[in-house]
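Observations on the three-dimensional arrangement
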Amino acid sequence: NAGVTQTPKFRVLKTGQSMTLLCAQDMNHEYMYWYRQDPGMGLRLIHYSVGEGTTAKGEVPDGYNVSRLKKQNFLLGLESAAPSQTSVYFCASSYRGLGANVLTFGAGSRLTVL
Amino acid sequence: AQTVTQSQPEMSVQEAETVTLSCTYDTSESDYYLFWYKQPPSRQMILVIRQEAYKQQNATENRFSVNFQKAAKSFSLKISDSQLGDAAMYFCAYRSADWGGSNYKLTFGKGTLLTVNP
């Protein structure tokens, strides 16, 4: 019963490098989300997806791209990493409609950009 | 846009005692959902309790209960008989019930770090 799995759990990047965070869920959830957590800021929504092949911007989308080619996967990409993107990233998923009130979160991915 | 404010960055409680965490929110909507999430040192976000705004009755989950004051836009969390395992960061969150709008988003407060002293 894996739930939501994020890989990698930790990563250190140099400024300008690119990387992709992978989120996989095995609950057949329609909705998927990427949040970032910074000290004293709570969690902020980066991008979200309401279904396979669809994505939308959240509060803080700049510098990130996403793709959802398969229902169970939601990828978060950083094309040219910046120190301001040092954060802990959380993926979450949920059912649609009223089911969207129950989010299942992954364990987080800590990214450091030097 | 909705905002969620947690005015207590840190709180502490003695084991077996009761503690209340505060949360206020700002919204022009009449229908919405409110949540408390717990984040222990493992970083895993865990849903503690949720409240539908249209329900007057306060939600309760075992030792956790809320005091929902819709007019005051207040949503506090009470933890009774505190246990060492309750030590965590607690986040209050808001979600719109407008299914055609920005309802996909959970708006989080900045969190309250709860310490439980033995």
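Going by the structure above, here's the rest.
Residues numbered from 1 in each chain as written. Chains lettered and ligands numbered in written order. Predicted model: local features only at pLDDT ≥ 70, side-chain atom pairs only at ≥ 80, totals over all residues. Heavy atoms only, no water.

1. Some remarks on the overall build of chain B
For chain B, the count of helices and strands is 0 helices and 12 strands. Its helices and strands in sequence order give chain B the pattern β-β-β-β-β-β-β-β-β-β-β-β, from N to C terminus. Computed over its C-alpha atoms, the radius of gyration of chain B comes to 14 Å, within 12% of the 13 Å expected for a compact globule of 118 residues. Its C-alpha atoms give chain B principal-axis dimensions of roughly 45 × 30 × 20 Å. Out of the 118 residues in chain B, the part that is buried amounts to 48%. Counting only contacts in chain B whose residues sit at least 6 apart along the sequence, the fraction spanning at least 24 positions is 57%. (Helix = DSSP H or I, 4+ residues; strand = E, 2+ residues; numbered from the N terminus. Rg over C-alpha atoms; globule rule 2.2 N^0.38 Å. Buried < 20%, exposed > 50% of the residue type's maximum accessible area, 1.4 Å probe, protein only. Contact = heavy atoms within 4.5 Å.)

2. Quick notes on the interface of chain A and chain B
Each partner contributes residues to the interface: chain A has 28 residues there, and chain B has 19 residues. Summing the contributions of chain A and of chain B, the shared interface buries around 2,000 Å²; its carbon and sulfur component is 56%. Considering only the side of chain A, the residues that lose the most area to chain B are A:Leu43, A:Asn101 and A:Phe105, jointly responsible for 28% of the buried surface there. The tally of links between chain A and chain B comes to 0 salt bridges. Inspection of the chain A/chain B interface yields 5 residue pairs in polar contact (both at pLDDT 80 or more). Of all the secondary structure elements, the ones that give two or more residues to the side of chain A that touches chain B are β4 (31-38), β5 (42-51), β9 (87-94) and β11 (109-113) of chain A. (Buried area = accessible area lost by both parts, 1.4 Å probe. Salt bridge = Lys/Arg side-chain N within 4 Å of Asp/Glu carboxyl O. Polar contact = N/O pair within 3.5 Å; in protein donor to acceptor, adjacent residues only side chain to side chain.)

3. Some words on the side chain of A:Gln85
Residue and element names in this part refer to chain A. Mapping Gln 85 onto the fold places it in the loop between β8 (73-78) and β9. Judged by its relative accessible area of 5%, Gln 85 falls in the buried class. From its side chain, Gln 85 meets the backbone oxygen of Gly 63 in a polar contact 3.1 Å long.

4. Points about the sheet that holds strand β3 (residues 19-25) of chain A
All names here are of chain A. If you walk across this open sheet you meet the 4 strands as β1-β3-β8-β7, and the pairing is antiparallel. Every interior strand has two partners, whereas the edge strands, β1 (4-7) and β7 (65-67), have only one. The mean angle between the axes of side-by-side strands here comes to 20°, regardless of whether they run parallel or antiparallel. As defined by bridge partners, β3 adjoins β8 across 6 bridges and the pair is classed as antiparallel. Note that in β8 the partner of Met 19 across the bridge is Leu 78. (Pairing = 2+ DSSP bridges. Axes fitted to C-alpha atoms, helices over the stretch in contact; angles between N-to-C directions.)

5. Focus on the pattern of salt bridges
Side-chain pairing between opposite charges can occur once the charged atoms of the two side chains come close. Taken as a whole and assessed by the stated rule, the structure comprises 5 salt bridges over all chains. Between B:Lys73 and B:Asp26 there is a salt bridge, with its nearest N and O atoms 3.8 Å apart. Taken together, the positions of B:Lys73 in the loop between β8 (64-69) and β9 (74-79) and B:Asp26 in strand β4 (residues 24-26) put the pair 47 residues apart, joining distant regions of the chain. Note on B:Asp26: relative accessible area 42%, which makes it partly exposed. In this structure, the salt-bridge partner of B:Lys55 is B:Glu52, at a minimum N-O distance of 3.8 Å. Residue B:Lys55 is classed as partly exposed on the basis of its relative accessible area, which comes to 39%. Three or more residues joined by partner-sharing salt bridges are found here, namely A:Arg36, A:Asp38 and A:Arg44.

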